[in-house]
Each structure stands twice: as C-alpha cells, then as structure tokens.
Amino acid sequence: MITSENRVKEESGVAASEGDVVREYSVPEVDVFENEESLLLVANVPGADEKSVDLSLEKNILTIEAKVENRVPEGYKRYYAENEAEGYSRQFRLSDDIDRDGISASVNNGVLRITLKKAKEIQPKKIEIKTA
Amino acid sequence: MLVGRFSRNGLLNSFRELDWMERELNRLFNGNGLPGAGEYPQLNVYSNEDSLKIRLFIPGIDPEKLDISVLGNSLAIRGELPEGEITEGVLRSERYSGKFERAIRLPFRAKAEGIDADYSKGILTVTVVKPEDEKPRKIAVKSDS
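Thresholds applied
Residues numbered from 1 in each chain as written. Chains lettered and ligands numbered in written order. Predicted model: local features only at pLDDT ≥ 70, side-chain atom pairs only at ≥ 80, totals over all residues. Heavy atoms only, no water. Helix = DSSP H or I, 4+ residues; strand = E, 2+ residues; numbered from the N terminus. Buried < 20%, exposed > 50% of the residue type's maximum accessible area, 1.4 Å probe, protein only. Contact = heavy atoms within 4.5 Å. Areas by Shrake-Rupley, 256 points an atom, 1.4 Å probe, with all protein chains shown as cover. Pairing = 2+ DSSP bridges. Axes fitted to C-alpha atoms, helices over the stretch in contact; angles between N-to-C directions. Salt bridge = Lys/Arg side-chain N within 4 Å of Asp/Glu carboxyl O. 1 Å grid on protein atoms, 1.4 Å probe; cavity = no way out; pocket = protein on both sides within 12 Å on 5 of 7 lines; lining within 4 Å. Points joined across faces, edges and corners; volume = space filled by probe spheres on them. Nonpolar A, V, L, I, M, F, W, Y, C, P; charged D, E, K, R; others polar. Buried area = accessible area lost by both parts, 1.4 Å probe. Polar contact = N/O pair within 3.5 Å; in protein donor to acceptor, adjacent residues only side chain to side chain.

## Describing the overall build of chain A
And step 1. Scanning chain A for helices and strands turns up one helix and 11 strands.
And step 2. When the helices and strands of chain A are read in sequence order from the N terminus, they spell out β-α-β-β-β-β-β-β-β-β-β-β.
And step 3. Counting the 132 residues in chain A, one finds 44% classified as buried.
And step 4. If you take every contact in chain A between residues at least 6 apart in sequence, the share linking residues at least 24 apart comes to 60%.

So this is what it looks like as structure tokens:
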C-alpha cells in the first residue's frame, strides 16, 4: 500500500544549489502504521514547521520536502557539527488503495504526521443483520 | 579481525564487545543509517569569544522532561524520546524512542546561571556563556624605562 522509494535518495541527496552553496537534504526517519481505515506516516523533521513542509502527490508518488534553517548562528563559528542538512526529502509510492483526496497532515515539535485514508472500496464494511 | 579480538579477550570481554557492536550497529542502521541518530541524537556546536551554542536534534519531546546539567567543563543533556502511541499495525519503524544522552566537554568551566535553553520545532538550543573569570585577561608588562 505504501513503499519507500530508494531511488529518491540519489535524486535528492543534493536537492538544490544556490550559487556556490550546495544545500544538502537528508532523508528523514519515518514510522508507518496501518489500521482499518487509514495509514499514518510519522516523520522526524526537526526544524520544520507547517510553513516549511511541502507535501505533494504526483501520480502515485507522495513527496515530503521541508526546508530548515540550520545555518551557523550569526556571530558564531562552527565548532563541531553532525547535522548540516538544510532540509529533508523523501518519497513514497502509494498504491491505488489510497484515497487521493483523503490525505491530511500536521507538524508539531518537528514531527510530521500524515494521515492517508484508504479508499472506501477496500475498507471493511459492517453488514447489519436484521432480526425478523 | 573481530573474531581474533573475541578469542583474545575471553568471554566477558566478548559480551562487552557484542554489546558495543550492537550499539554501533543500532547507531549505524537506526532508521536511515545516518550516524548520530537514535540513542545519541545529532548535535552541532558553534562558538564565539563569549559563548558556545549547542544545537541538539530531538523532535517530538516534552521539554519539561529534559535534564540539562553542568559540572565544571562538562555539560550533559538527558531525556527520553516518547514511545509511539500506536503499537499495532506497524509497517515501518525507523524513529528511535527511549532514553538518550549527550555529554559535551566545554572549552571552559561553565556556571549553571550562564546557561540558557530553548526548545523549538524539535530542536534544543543551549547557550552557554563563558564566565568572566574564564575569559583571558591582559596582563600589563611593566618596564623600567
């Protein structure tokens, strides 16, 4: 129903360049949960908020992108750094069982939550049994 | 090479090695395989003449539960990344949950009152101000003439 696209890593390792400055994007860690009605995708995007997260769906590829402000603070010099990414990028391939209009998302404390509703046809239906 | 090390160090050390190896593997293969993820969240340090700024990437935590302590020139940040509220229907699990700790050796002896911490958008920023008595002092050189 949802698969991580590995080829994206190569494509988005370096996502954009501004003059001589190459902006590096990293691949965010993601959890995916499934219940009867929907899928929940939870991604770590520290530094991002609802304004900087960009979600797009093209054909069956869901793209998560976020720019973050992670430059050296003004008046400071870089002393030691493990994370110099200026954004996140990752793509997922969705199957046709996902309702294209039933996607919603929120960001809180650098955690992105995306709910993907399953198409009505594949959701389990309760059949009521009438009594005579 | 690893096998050689095991046989040389005996059983107890083998377990220690395994423990270390497990931690290293967890660190390397946690989620997307980026070093620094998981138990040891990623950290950046910036400096200027008067202070040090530390950036720790810990999305989704309750800042009330963070423990920042300083002793001499050692600063420790401890906390816990919350367990997911969902335990059923797990299709993919890359995000680390559980306790974490990062300790930093500061280039000066800090005082608790000179430390300021702010948590925003999943990033903890700790500013450590260099105490006055740690700053270099100019010593005037007298001369006879």
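There's plenty left to go through after this.
## Things to note about the overall build of chain B
And step 1. Check the secondary structure of chain B and you find one helix and eight strands.
And step 2. Seen in sequence order, chain B has helices and strands lined up from the N terminus as α-β-β-β-β-β-β-β-β.
And step 3. Counted over contacts in chain B with a minimum sequence separation of 6, partners at least 24 positions apart contribute 47%.
And step 4. For chain B, the exposed area adds up to about 9,500 Å²; of that, 51% sits on carbon and sulfur atoms.

## With respect to the sheet that holds strand β7 (residues 61-67) of chain A
All names here are of chain A.
And step 1. Taking strand neighbours across the sheet as the criterion, the four strands line up as β1-β9-β7-β6 in an open arrangement whose pairing is antiparallel. One side of each edge strand has no neighbouring strand; the edge strands of this open sheet are β1 (2-4) and β6 (53-58). Averaged over all neighbouring strand pairs, the angle between strand axes comes to 25°, with direction disregarded.
And step 2. Where β1 lies against strand β9 (residues 87-94), three bridges are found, and the strand directions are antiparallel. The residue of β9 that forms the bridge with S4 is F92.

## With respect to the pattern of salt bridges
And step 1. Applying the stated criterion across every chain, the model contains 12 salt bridges over all chains.
And step 2. Here K111 of chain B ties to D133 of chain B by a salt bridge, and the two come within 3.3 Å at their closest N and O atoms. Of this pair, K111 of chain B sits in the loop between β6 (98-105) and β7 (115-120) while D133 of chain B sits in the segment after β8 (123-129), and the two are 22 residues apart along the sequence.
And step 3. Note on D133 of chain B: relative accessible area 49%, which makes it partly exposed.
And step 4. Among the ionic contacts, a cluster of salt bridges with common partners joins R90 of chain A together with R92 and E94 of chain B.

## Describing the layout of surface pockets
And step 1. In this structure, the largest pocket encloses a volume near 430 Å³.
And step 2. Around the largest pocket, the lining comprises 23 residues; the ones closest to its centre are D31 of chain A together with P82, E83, G84 and R95 of chain B.
And step 3. Broken down by secondary-structure element, the contributors of at least two residues to the lining of the largest pocket are β4 (30-34), β5 (38-44) and β11 (111-118) of chain A together with β5 (90-93) of chain B.
And step 4. Per-element accounting of the lining of the largest pocket gives the leading share, three residues, to β5 of chain A.
And step 5. When the residues that make up the lining of the largest pocket are grouped by side-chain class, the tally is 10 nonpolar, eight polar and five charged.

## Thoughts on the pairing of β8 of chain B
Residues and elements named next belong to chain B.
And step 1. Across the seven residues that make up β8, a large majority, five, are buried.
And step 2. The sheet contact formed by strand β2 (residues 51-57) and β8 spans seven bridges and is antiparallel. Along β8, the bridge assignment pairs K53 with T127.
And step 3. Count of turn residues in the β7/β8 antiparallel hairpin: two residues, of which K121 carries a positive phi of about 50°.

## Quick notes on unusual backbone geometry
Phi is mostly negative for residues that are not glycine, and the peptide bonds are mostly trans.
And step 1. The phi angle at N109 of chain A is positive, at roughly 50°, despite the residue not being glycine.
And step 2. Within the secondary structure, N109 of chain A sits in the loop between β10 (98-108) and β11.
And step 3. Looking at N109 of chain A, the relative accessible area reads 29%, which means it is partly exposed.
And step 4. Positive phi, close to 50°, is recorded for K121 of chain B, a residue that is not glycine.
And step 5. Structurally, K121 of chain B can be placed in the loop between β7 and β8.
And step 6. The exposure class of K121 of chain B is partly exposed, given its relative accessible area of 36%.

## A few points about the interface of chain B and chain A
And step 1. Tallying the contact residues gives 38 residues for chain B and 41 residues for chain A.
And step 2. Contact between chain B and chain A buries roughly 3,300 Å² in total, counting both sides, with carbon and sulfur atoms accounting for 51%.
And step 3. For the chain B face of the interface with chain A, the top three residues by lost area are R92, R95 and K121 of chain B, together amounting to 22%.
And step 4. Residue R102 of chain B pairs with E82 of chain A through a salt bridge whose shortest N-O separation is 2.9 Å.
And step 5. Counting across the chain B and chain A interface gives 25 residue pairs in polar contact (both at pLDDT 80 or more).
And step 6. Breaking the side of chain B that touches chain A down by element, the ones donating at least two residues are β1 (43-47), β2, β5 and β8 of chain B.
And step 7. Per-class residue counts for the side of chain B that touches chain A are 16 nonpolar, 13 polar and nine charged.

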